[in-house]
Amino acid sequence: MANFVGRVVLITGASSGLGEGTALHFAKHGAKLALTGRDRTRLDDVAKRCSNCGIPADDIRTHYGDLTDAAFRTATIENTVAKFGRLDVLVNNAGLFFPGESMGMSETQYDQTMDLNMKVPFLLSQLAVPHLEKTQGNIVNISSLFGAKVTPMAGIYCVSKAAPDMFTQCLALELAPKKVRVNSVNPGTVQTPLFDREGSVLHGKDDEIQKLLEAQANATPLGRLGTPQDIAEAIGYLASDAASYVTGQILLVDGGRHCTLK
Ligand SMILES: NC(=O)c1ccc[n+]([C@@H]2O[C@H](COP(=O)([O-])OP(=O)(O)OC[C@H]3O[C@@H](n4cnc5c(N)ncnc54)[C@H](OP(=O)(O)O)[C@@H]3O)[C@@H](O)[C@H]2O)c1
């Protein structure tokens, strides 16, 4: 079992879904946590549940704000290092998905998707790397199966996840001489609030979301959707010393779904 005692892990988008599951996973393994989210109530609840996993409440620092705001990104990194004295792992998890055909996407939806899914991980990594160099730490980007596979009703999202996969590999090459590793976890479908966010064509259409999720589960060789725990285990592995010889890796965690797609 990976041990993160004494390690500082920053997880973006920890107030929901996969980020929440990842925060709980690292808490169970003794990490000190810096967690970001916009929804204060939900982020506080996640922090409380992390603390119930056995780490002191003082080992958890919450950062409330929008990651597309440069001042918030800078404050998040600076305040994390000021509190804990170091940074070992950056998990670039926050992301969004507007389901729908590319030709129906508005310019605003395009910009929001590309900003959060690609530009934010790039800019946050830029701020984090000087600290990761000191700890020989690592970055885990959360991309998607859809970054590697052509998928209907997700064109712009696919593009926004293909770019980080290339970024992961290029940055891994750049940072290898400094012993900073960079990897990616690319989940298949996991039931989270991602599918029902404001502005999505599926927002409020619970029946359609359930049908979509059932279709995805049926099309998955292992016969089920992923869980936040499945994804957190993979993130935990790549972030750990057990993966000290792994960098530039794009790890599909999708129940074998990629085997069925072009
Ligand atoms: N669920 C899946 O099937 C799936 C599959 C493949 C990849 N992924 C990827 O996994 C990651 C997490 O997805 P999820 O399913 O856990 O989604 P989610 O439940 O919708 O959570 C998204 C998280 O990102 C945060 N966030 C959104 N916009 C933000 C912004 N502008 N600034 C700061 N934080 C922001 C949200 O914060 P608030 O809630 O506080 O606003 C939330 O914590 C994403 O990168 C997604 O693309 C998900």
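Please read all numbers here as calculations on a predicted model, not as lab measurements. Numbering of residues starts from 1 in every chain and runs along the sequence as written. Where totals are concerned, whole chains, interfaces and linings use all residues; where local detail is concerned, this predicted model gives features only for residues with pLDDT of at least 70, and gives and counts side-chain atom pairs only at 80 or more. Water and hydrogen atoms were dropped before computing side-chain values, which therefore reflect all heavy atoms in the structure.

Re the site of the ligand
Line of reasoning, step 1. Put simply, a residue is near a molecule or strand once any heavy atom of it comes within 4 Å of that molecule or strand. Residues in close proximity to the ligand total 31 residues, the closest being Ser15, Ser16, Leu18, Tyr157 and Thr192.
Line of reasoning, step 2. At a separation of 2.7 Å, an oxygen atom of the ligand approaches a polar side-chain atom of Ser15.
Line of reasoning, step 3. Only the protein chains shown count as cover for residues, and all accessible areas are computed by the Shrake-Rupley method using a 1.4 Å probe. Considered on its own, the ligand offers 890 Å² of accessible surface; in the complex 97% of this is hidden by protein.
Line of reasoning, step 4. At the level of secondary structure, the elements contributing two or more residues to the shell around the ligand comprise α1 (17-28) and α5 (155-175). Here a polar contact means two N or O atoms within 3.5 Å. Within protein one must be a hydrogen donor candidate and the other an acceptor candidate, and residues neighboring in sequence count only if both atoms are side-chain atoms. Helix and strand labels come from DSSP, where a helix needs a run of H or I of at least four residues and a strand needs a run of E of at least two; each type is numbered from the N terminus.

Some points on the packing of helix α3 (residues 70-84) against helix α4 (residues 107-135)
Line of reasoning, step 1. At a minimum axis distance of 10 Å, the contact between α3 and α4 shows a crossing angle of 30°. It follows that α3 is roughly parallel to α4 by the angle criterion. Our pair here, α3 against α4, has a crossing hand that is right-handed. For the pair α3 and α4, the contacting residues are Arg73, Thr74, Ile77 and Val81 in the first and Val120, Leu123, Leu124, Leu127, Ala128 and His131 in the second.
Line of reasoning, step 2. In terms of residue class, the contact of α3 with α4 is built from seven nonpolar, two polar and one charged. Lines fitted to C-alpha atoms define the axes, with helix axes restricted to the stretch in contact, and inter-axis angles between N-to-C directions lie between 0 and 180 degrees. Orientation is classified from the angle alone, with under 35 degrees giving roughly parallel, over 145 giving roughly antiparallel, 65 to 115 giving roughly perpendicular, and any other angle giving oblique. Less than a right angle of anticlockwise turn of the near helix away from the far helix marks a crossing as left-handed, whereas a clockwise turn marks it as right-handed. The contact criterion used is simple: two residues touch if any of their non-hydrogen atoms lie within 4.5 Å. Ten residue types, Ala, Val, Leu, Ile, Met, Phe, Trp, Tyr, Cys and Pro, are classed as nonpolar, four, Asp, Glu, Lys and Arg, as charged, and the remainder, Gly among them, as polar.

Focus on the packing of aromatic side chains
Line of reasoning, step 1. Stacked, tilted and edge-to-face pairs are distinguished by plane angle, under 30 degrees for stacked and over 60 for edge-to-face with tilted covering the rest, among Phe, Tyr and Trp rings (Trp via its six-membered ring) whose centres lie within 6.5 Å. Taken as a whole and judged by the stated rule, the model has five aromatic pairs.
Line of reasoning, step 2. Between Phe4 and Phe26, the aromatic rings sit 4.8 Å apart at their centres with planes inclined by 70°, giving edge-to-face as the arrangement. On the criterion of sequence distance, the pair formed by Phe4 in the segment before β1 (8-11) and Phe26 in helix α1 is long-range, its members being 22 residues apart.
Line of reasoning, step 3. Exposure is judged per residue with a 1.4 Å probe applied to protein chains only, and the accessible area is read against the type maximum: over 50% gives exposed, under 20% gives buried, and values in between give partly exposed. For Phe4, a relative accessible area of 1% translates into the label buried.
Line of reasoning, step 4. Given a relative accessible area of 0%, Phe26 falls into the buried group.
Line of reasoning, step 5. Taken together, a centroid distance of 5.9 Å and an interplanar angle of 85° make the contact between Phe122 and Phe167 edge-to-face. Placement of Phe122 in helix α4 and of Phe167 in helix α5 is noted, with a sequence separation of 45 residues between them.

Focus on the pairing of strand β6 (residues 181-187)
Line of reasoning, step 1. Counting buried residues along β6, seven of its seven residues qualify, which places the element largely inside the surrounding structure.
Line of reasoning, step 2. Side chains Arg181, Asn183, Val185 and Pro187 project from β6 onto one buried face, and the interleaved Val182, Ser184 and Asn186 project onto a second face that is buried too.
Line of reasoning, step 3. Looking at chain direction, strand β5 (residues 138-142) and β6 are connected through five bridges and run parallel. Across the sheet, residue Val140 finds its bridge partner in β6, namely Asn183.
Line of reasoning, step 4. Looking down the strands as they point away from you, a crossover is right-handed if its path from the first strand over the helix to the second goes clockwise. As for the winding sense of the linkage, the β-α-β connection from β5 through α5 to β6 is right-handed.
Line of reasoning, step 5. The pairing criterion is simple: DSSP has to find at least two bridges between the two strands. In terms of strand pairing, β6 meets strand β7 (residues 250-253) through four bridges, oriented parallel. Across the sheet, residue Pro187 finds its bridge partner in β7, namely Val253.

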